[in-house]
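# Examination of the molecular architecture
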Number of protein chains: 4
Amino acid sequence: MILVLKPQIAPEDHRRLVETIRAAGCEAREVDGKARRVIAILGDPEKLREVPLDVFPGVAQVVRVTKPYALAGREFRVDPTVVRVGETRIGGPGRFAIIAGPCAVEEYETLLEIARSVKAAGADLLRGGAYKPRTSPYAFRGLGLEGLRMLREASRAVGIPTVSEVMDPRHVEACVSNVDMLQIGTRNMSNFDLLIEVGKSGHPVLLKRGRDATVEEWLLAAEYVLAQGNENVVLCERGIRGFDAATRNLLDLSAIPVVKARSHLPIIVDPSHATGFAAYVPSMAKAACAAGADGVMVEVHACPMEAKSDAAQALAPEDFADLAADLRLLHQVCRTPASRSR
Amino acid sequence: MILVLKPQIAPEDHRRLVETIRAAGCEAREVDGKARRVIAILGDPEKLREVPLDVFPGVAQVVRVTKPYALAGREFRVDPTVVRVGETRIGGPGRFAIIAGPCAVEEYETLLEIARSVKAAGADLLRGGAYKPRTSPYAFRGLGLEGLRMLREASRAVGIPTVSEVMDPRHVEACVSNVDMLQIGTRNMSNFDLLIEVGKSGHPVLLKRGRDATVEEWLLAAEYVLAQGNENVVLCERGIRGFDAATRNLLDLSAIPVVKARSHLPIIVDPSHATGFAAYVPSMAKAACAAGADGVMVEVHACPMEAKSDAAQALAPEDFADLAADLRLLHQVCRTPASRSR
Amino acid sequence: MILVLKPQIAPEDHRRLVETIRAAGCEAREVDGKARRVIAILGDPEKLREVPLDVFPGVAQVVRVTKPYALAGREFRVDPTVVRVGETRIGGPGRFAIIAGPCAVEEYETLLEIARSVKAAGADLLRGGAYKPRTSPYAFRGLGLEGLRMLREASRAVGIPTVSEVMDPRHVEACVSNVDMLQIGTRNMSNFDLLIEVGKSGHPVLLKRGRDATVEEWLLAAEYVLAQGNENVVLCERGIRGFDAATRNLLDLSAIPVVKARSHLPIIVDPSHATGFAAYVPSMAKAACAAGADGVMVEVHACPMEAKSDAAQALAPEDFADLAADLRLLHQVCRTPASRSR
Amino acid sequence: MILVLKPQIAPEDHRRLVETIRAAGCEAREVDGKARRVIAILGDPEKLREVPLDVFPGVAQVVRVTKPYALAGREFRVDPTVVRVGETRIGGPGRFAIIAGPCAVEEYETLLEIARSVKAAGADLLRGGAYKPRTSPYAFRGLGLEGLRMLREASRAVGIPTVSEVMDPRHVEACVSNVDMLQIGTRNMSNFDLLIEVGKSGHPVLLKRGRDATVEEWLLAAEYVLAQGNENVVLCERGIRGFDAATRNLLDLSAIPVVKARSHLPIIVDPSHATGFAAYVPSMAKAACAAGADGVMVEVHACPMEAKSDAAQALAPEDFADLAADLRLLHQVCRTPASRSR
């Protein structure tokens, strides 16, 4: 349930309202938007059935949310959320965020080289996996803490913030100390204990969609993080399970307008893991931009053929530079549609 | 198997080559591209195992196609196919094709009004269903022949070519006489007798992807039409079966680069049937354009709320005009990428 | 809408009731069950809003069906439908129907041999394709009319009724003359003109589930046949589209209890096309029986390795004989559950 | 890679063989089967390219496994694995394992009542969730440690071993101390850190299939546990993601013969979570038994309508008793097929 407050609500009424909600066993979460002040009531709405919220002094409107998420929904927050990661911002009408880097962190020199080249091409964030989820227990599983430290060092040397995946609640602290944004991978979208842990950290979170998740289940996973008081959540569509082996996963770009219709959270797209082939990455990145995404995350490797994981899908640095330039132009054009300039 | 001929092949050798192929029980299909002359050998390649095609006089190269389609593949034809429908052309680097119109043809006056408005907004083709496939036997199933005649009349009155669905091999003739392009719907992509019949007609064909079809199965359906000597095939992605009810179908935009990598046939996208909601149509149409599609097909209805079928997904004429303008601009930008103009 | 009539309804009232329904522009379809007489009203229920059916003389109850199918639903008919095919019956609490035979009819001698062996092993029907839907236009597409005649001859020689697929409305007549049951294949489940044509024929129909169809869409396809007055419809689950290449399709055995809960029509299972591997056929056939299916359809080939289509999934005759014996025993056990004999 | 040893291999040769493998940077895992002694080589097979294993003294055969799992495969172990949980055994030709109990542990008295009734009806294990994965952060998420203790107490009072889900690596120890078998839920099948932790515990593991997992990915998840030296893994099919809302998930019973063909691990089926409706549970449980599963896991609740989670899918105790009796009889019949008793 969402309460829209009257702009001129008396501090006394405001305090009584929050106390009443808590006395009934629910939680009150507040947000001060540009245009309106709102309280989301978390918990079982049945508990408040007896409380006459509609006529409570200072309450302008009671929105009974039929969706199972409250904090992630547009009813709670009308303005788009903008998430700050270092100097970068993701979401809102401004810049289109471009995240780039290798699938896994392998050697420091290589990482540094890629970091420099993607920064030069205009990337906003550096990605790189230190903890790698691998389907086989015998595959290369990342450098762990050592990889995190390399990311921090490369970040400082080049001046670009970083994002890296965390898979285990016991690693959250180490990740928070070393990288600027925590990624929750597709396999862990429903790892609820991990979501709660990254929620508590307050650190920016990049939440990938589960391969088998509906948009609603995805927004509920975001709600787990938001419910811990962490509002810095960016969604990332990366392909769901499909029946056609022509691409590695099935990129669901329609998730972009669906998310925009239901939520205030930013959404970006990972065309590299979605398609699994470098040749398909540029067209899907541009499609994501035209569809209204807030950014993309692209795999780049200095020598794609030598990468230890996911080699076929990484772009070479020069191809990434071309793509980044195309995306900047495209984003500019899409922001000022012909229809509105007539 | 594909034979690339030497430019200077002697007519005598050319004749002998074709005779040898036929004597072995296969069929020889020729195409004269801008850059090269090619013969596709249709039938069981085993039959030609004894024939030394590699050293045959006048043969430059033997391409052993591992894909099960020959005529639809890029090995057979390097240049993109351009399909003419009336004065319009679909495919190739030129114009982005916009097809628009009502889901079903209902009343002539309404049809005429929509035809005029979409033509004014820059549409290249008018769509409208006379034979409607409906999941329930009790739903409105279209006006049939009467609907086809309304389409012909509206087409002449407004000066715009038409496309309409054919579902029954016995209706092909009537459709050919009244509309400029035959649509094969998603439910009939594997209706092979119908594919053969539209193939024989020689008329332009808009072949929608089956809701359960891989790209390879779709190209094989196109091969059915091409194998009848009808080269005028345009593919149309319209969403496949997905597990998330947030959209009606699951639009697979990655099919665009996959088709472009494998085939010379044009591919367009139908965001209306894919998403099922008018609000999601513009972003998906623009995404299709940015991904490299050759056009889109969009449902437009004068009074969307009154349409007898698929009301929720039709755009109002003024929204369509805005979208068409956006698409024209976007297509222009995407054709001259920033990367290449540096 | 379904009207349950009072047992003692006066003929005069009955006549007036039917006339009233027709006068409103709907159709009245009657069924006399063992326990109750029922009229299904087909067409737009809005047209009857003004008619006080609830208090009409002779009407015991008005059942407002929320499902989009009427004739296929359990509201219309409580007792399970039993479909007669020659001397065989499919559906109801009696015999478990076993259909067996080659994927495609190839040579008469081979067909005759298989027919004899499956009949000896206790099969109730002989299957065999004369018109074969093939994904590639260059694959063997069946012997057509010649194949139908071979089926008729083998049927007479051995004394076993036959079922064969029809794909084109123009072939329905020839199929009706030569085989005892018409099969609608998975690719044609939504080929509505074909459904209407087999509906009009009155011949028994085996309706396979579309690879992309929900149970509801499948029952609506059955409704197309039933709405033509043809009540002889048997459903056949044969696997839907899945993401795991470990089996050819994804057999949905839960469709059995779902269909039983919603419809009176018999349902059988085709484990051969579902799994695509002979080794998996016996366990899935037995599972179908234990789940409550009314029968199975199994591919049998004298020399599975030599079959021109779908070789890997056909059982050898001796393996089929073992399976048939197992199924007869299993069906007997499942009909008299331990729980009820305690 | 799998090495089959000669029965009479000299201890000296055996030792040298293992040393050679380790010196190359791989791991040697041994199993002594009834019929043969085998060493699985874990790690990158490239490292052993120079080692002439085929002619090594005492090596009978080198099996180059093309599948990405080694320990889970039939090449490694021919005999079916039997997992002991308390006094119960799962797998092998013996008893059909029946696991039953509530979705979540709620109150001790209720739990005890259900434990008694399922034990009386012949259940082998008691299930009950203490840590519940819930899609919404606001839903009841289980009693945690208190729930585990209730399970231990009920287990002792009634004399039945228990299984309960663990979701967080930090909870493994507490679960091991209180329950007899650890369940990995569908959402955590690819939570690799958790798999490693339960692997290290040595405790029996019930590994549910991910809703989006192929059988191969599932066996690789099992390989994660096995690679820690924990051989006590039972697989549980519980439905994958499907497009038909008629059932909650899509039960893939063909996974049973597929797993049996590829692996030695036992496989059971959870028809309650798969279908989501109590009415469909008995037919799917029986189908699983007929298909060759080693057991089933069924939700039972004293008052299904009052359960705090998944109410619609729980059986009442008396319906469970009927089902258990049916399953015992069915399993007996399926073990002695008609075909073999002729």
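Residues numbered from 1 in each chain as written. Chains lettered and ligands numbered in written order. Predicted model: local features only at pLDDT ≥ 70, side-chain atom pairs only at ≥ 80, totals over all residues. Heavy atoms only, no water.

Quick look at the overall build of chain A now. Each helix and strand counted, chain A has 11 helices and 14 strands in total. The C-alpha atoms of chain A give a radius of gyration of 21 Å, which matches the 20 Å a tight globule of 342 residues would have. The principal-axis extents of the C-alpha atoms in chain A amount to approximately 65 × 55 × 40 Å. Out of the 342 residues in chain A, the part that is buried amounts to 64%. Restricting the contact set of chain A to residue pairs at least 6 apart, pairs at least 24 apart contribute 69%. Only carbon and sulfur atoms are counted for the fraction: they give 48% of the accessible area of chain A, which is about 12500 Å². A distance of 3 Å separates the average location of the 43 positive side-chain charges in chain A from that of its 43 negative side-chain charges. (Helix = DSSP H or I, 4+ residues; strand = E, 2+ residues; numbered from the N terminus. Rg over C-alpha atoms; globule rule 2.2 N^0.38 Å. Buried < 20%, exposed > 50% of the residue type's maximum accessible area, 1.4 Å probe, protein only. Contact = heavy atoms within 4.5 Å. Areas by Shrake-Rupley, 256 points an atom, 1.4 Å probe, with all protein chains shown as cover. Lys, Arg positive; Asp, Glu negative; His and termini not counted. Charge placed at Lys NZ, Arg CZ, Asp CG, Glu CD.)

Taken together, the 41 residues of chain C in the interface contact 41 residues of chain D. Both faces combined, the contact of chain C with chain D buries some 3300 Å², and carbon together with sulfur accounts for 69% of it. The largest per-residue losses of area from chain C upon contact with chain D belong to Phe243, Leu250 and Tyr280 of chain C, which jointly make up 16% of the total buried on that side. Note that Asp244 of chain D and Arg209 of chain C form a salt bridge whose closest N and O atoms lie 3.6 Å from each other. Taken together, the links from chain C to chain D amount to two residue pairs in polar contact (both at pLDDT 80 or more). At the level of elements, α7 (255–262), α9 (281–290), α10 (317–335) and α11 (338–341) of chain C are the ones that each hand at least two residues to the side of chain C that touches chain D. The element best represented in the side of chain C that touches chain D is α10 of chain C, accounting for eight residues. (Buried area = accessible area lost by both parts, 1.4 Å probe. Salt bridge = Lys/Arg side-chain N within 4 Å of Asp/Glu carboxyl O. Polar contact = N/O pair within 3.5 Å; in protein donor to acceptor, adjacent residues only side chain to side chain.)

With that settled, the discussion passes to helix α10 (residues 317–335) of chain B. For α10 of chain B, spanning 19 residues, the distance from its first C-alpha to its last is 27 Å, which sits close to the expected 27 Å at 1.5 Å a residue. For α10 of chain B, the full list of buried residues reads Phe320, Leu323, Ala324, Ala325, Asp326, Leu327, Leu330, His331 and Val333 of chain B. (Expected span 1.5 Å × (residues − 1).)

A few words now on the packing of aromatic side chains. Residues and elements named next belong to chain A. Across all of its chains, the model carries eight aromatic pairs over all chains by this definition. Their ring planes at 15° and their centres at 4.5 Å tell us that Phe192 and Tyr224 sit as a pair that is stacked. With a gap of 32 residues between them, Phe192 in helix α5 (residues 192–201) and Tyr224 in helix α6 (residues 215–226) connect regions that are remote in the sequence. (Phe/Tyr/Trp six-rings, centres within 6.5 Å; stacked < 30°, edge-to-face > 60°.)

So, about the pattern of salt bridges. Taken as a whole and judged by the stated rule, the model has 71 salt bridges over all chains. The salt bridge involving Glu197 of chain A is made with Arg170 of chain D; its shortest N-O contact spans 3.1 Å. With Glu197 of chain A in helix α5 and Arg170 of chain D in the loop between β9 (162–165) and α4 (172–178), this pair bridges two chains. Taking the shortest distance from any N to any O, the salt bridge between Glu19 of chain D and Arg15 of chain D comes out at 2.8 Å. Placement of the pair is Glu19 of chain D and Arg15 of chain D together in helix α1 (residues 11–23), with a separation of four residues, close to one helical turn. Judged by relative accessible area, Glu19 of chain D falls into the partly exposed class, the value being 42%. Taken together, the shared-partner salt bridges in this structure form one network comprising Arg209, Glu237 and Asp252 of chain A together with Asp244 of chain B.

Time to look at the relation of the copies chain C and chain B. Once chain C is rotated about the relating axis by 180° and shifted along it by 0.0 Å, it coincides with chain B to within an RMSD of 0.1 Å. Such a combination of turn and shift is consistent with a two-fold rotation axis. Minimal C-alpha separation from the rotation axis in chain C is found for Asp212 of chain C, amounting to 2.8 Å. Same-surface contact between copies: 100% of interface residues of chain C are shared with the interface of chain B. (Least-squares fit on C-alpha atoms with pLDDT ≥ 70 in both.)

Time to look at the state of the cysteines. Overall, the coordinates contain zero disulfides over all chains when judged by the stated rule. Cys289 of chain A takes part in no disulfide bond, and the closest cysteine sulfur, belonging to Cys334 of chain A, lies 5.1 Å away. Looking at Cys103 of chain B, it has no disulfide partner, and the nearest cysteine sulfur is the one in Cys236 of chain B, 13 Å off. (Disulfide = S-S within 2.5 Å.)

Bringing the packing of helix α9 (residues 281–290) of chain B against α10 of chain B into the picture now. Residue and element names in this part refer to chain B. It is at 9 Å that the axes of α9 and α10 come closest, and there the two elements cross at 20°. One way to sum up the angle between α9 and α10 is to call them roughly parallel. The way α9 lies across α10 gives a crossing that is right-handed. When α9 is examined against α10, the residues Val281, Pro282, Ala285, Lys286, Cys289 and Ala290 are found in contact with a partner set consisting of Leu323, Asp326, Leu327, Leu330, His331 and Cys334. For the contact of α9 with α10, a count of residues per class yields nine nonpolar, one polar and two charged. (Axes fitted to C-alpha atoms, helices over the stretch in contact; angles between N-to-C directions. Parallel < 35°, antiparallel > 145°, perpendicular 65-115°, else oblique. Left-handed = near helix turned anticlockwise from the far one by under 90°. Nonpolar A, V, L, I, M, F, W, Y, C, P; charged D, E, K, R; others polar.)

This part takes up the interface of chain C and chain B. Each partner contributes to the interface: chain C provides 34 residues, whereas chain B provides 34 residues. Together chain C and chain B conceal approximately 3000 Å² of surface at their shared face, both sides included; 53% is due to carbon and sulfur atoms. Between the two partners, chain C and chain B, sit eight salt bridges. Of the charged contacts, one joins Arg211 of chain B and Glu217 of chain C as a salt bridge, the two residues approaching to 3.2 Å between their closest N and O atoms.

Once that is clear, we can look at the sheet that holds strand β4 (residues 59–63) of chain B. Residues and elements named next belong to chain B. Pairing is antiparallel across the open sheet formed by four strands, whose spatial order is β2-β3-β1-β4. Looking at the sheet topology across the chains shown, the edges are occupied by β2 (27–32) and β4. The mean angle between the axes of side-by-side strands here comes to 20°, regardless of whether they run parallel or antiparallel. Here β2 runs beside strand β3 (residues 37–42); their pairing, made up of six bridges, is antiparallel. Within β3, the residue paired with Ala28 across the bridge is Ile41. (Pairing = 2+ DSSP bridges.)

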